[in-house]
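# Remarks on the overall topology
Read off the chains here:
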Amino acid sequence: MRRVLACLYGAVAGMTLGSTYARRVETIAAIALFANAVFNAVVWPRFYPRIANDTRAGEPGARTAFYRVHVVLITVALVLAAASLVIGVLLLV
């Protein structure tokens, strides 16, 4: 992972793999990814009960497109949270 990042921003600026600037950028990126993961993991699941109880969501046996679309949005947000967490950890390793 570190070699990929070195290719992305190291080749242009002439940085080496162990450069202080490169390490600082990796740390900042990891922090941003962790913040994204926490935000998605905290906010989106709390949104589900509001969607499920909305009149536009339909009854439990016959859910509408409104309900399905919002469930897909919540699922995608949680998958992105997991991906952000994994990539953030890989940046720090």
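Residues numbered from 1 in each chain as written. Predicted model: local features only at pLDDT ≥ 70, side-chain atom pairs only at ≥ 80, totals over all residues. Heavy atoms only, no water.

## Digging into the overall build of the protein chain
A count of helices and strands for the protein chain gives 3 helices and 2 strands. Reading the helices (α) and strands (β) of the protein chain from amino to carboxyl end gives α-α-β-β-α. For the protein chain, buried positions account for 23% of its 93 residues. (Helix = DSSP H or I, 4+ residues; strand = E, 2+ residues; numbered from the N terminus. Buried < 20%, exposed > 50% of the residue type's maximum accessible area, 1.4 Å probe, protein only.)

## What to know about a nonpolar patch on the surface
Side chains of Val38, Phe39, Val42 and Val43 sit close together on the surface and give an oily, nonpolar patch of about 350 Å² of accessible area. Mapped onto the fold, Val43 is located in helix α2 (residues 20-53). For Val43, a relative accessible area of 37% puts it in the partly exposed group. (Patch = residues over 30% accessible without salt bridge, like charges linked within 9 Å, V, L, I, M, F, W, Y side chains within 5 Å. Areas by Shrake-Rupley, 256 points an atom, 1.4 Å probe, with all protein chains shown as cover. Salt bridge = Lys/Arg side-chain N within 4 Å of Asp/Glu carboxyl O.)

## Some points on the packing of aromatic side chains
In this structure the tally under the stated criterion is 2 aromatic pairs. Judged by centre distance (5.7 Å) and plane angle (85 degrees), the ring pair of Trp44 and Phe47 falls under edge-to-face. One end of the pair is Trp44 and the other is Phe47, both in helix α2 and 3 residues apart, which spans about a single turn. When its relative accessible area of 24% is taken as the criterion, Phe47 is described as partly exposed. Ring centres of Tyr48 and Tyr67 lie 6.1 Å apart, and the angle between their planes is 65 degrees; this geometry places the pair in the edge-to-face category. Placement of Tyr48 in helix α2 and of Tyr67 in helix α3 (residues 65-92) is noted, with a sequence separation of 19 residues between them. Over the ring of Tyr67 we find Arg63; its NZ or CZ atom is 4.2 Å from the centre of that ring. (Phe/Tyr/Trp six-rings, centres within 6.5 Å; stacked < 30°, edge-to-face > 60°. Lys NZ or Arg CZ within 6 Å of the ring centre and 35° of its normal.)

In short, shape yes, function no, at least from these values alone.
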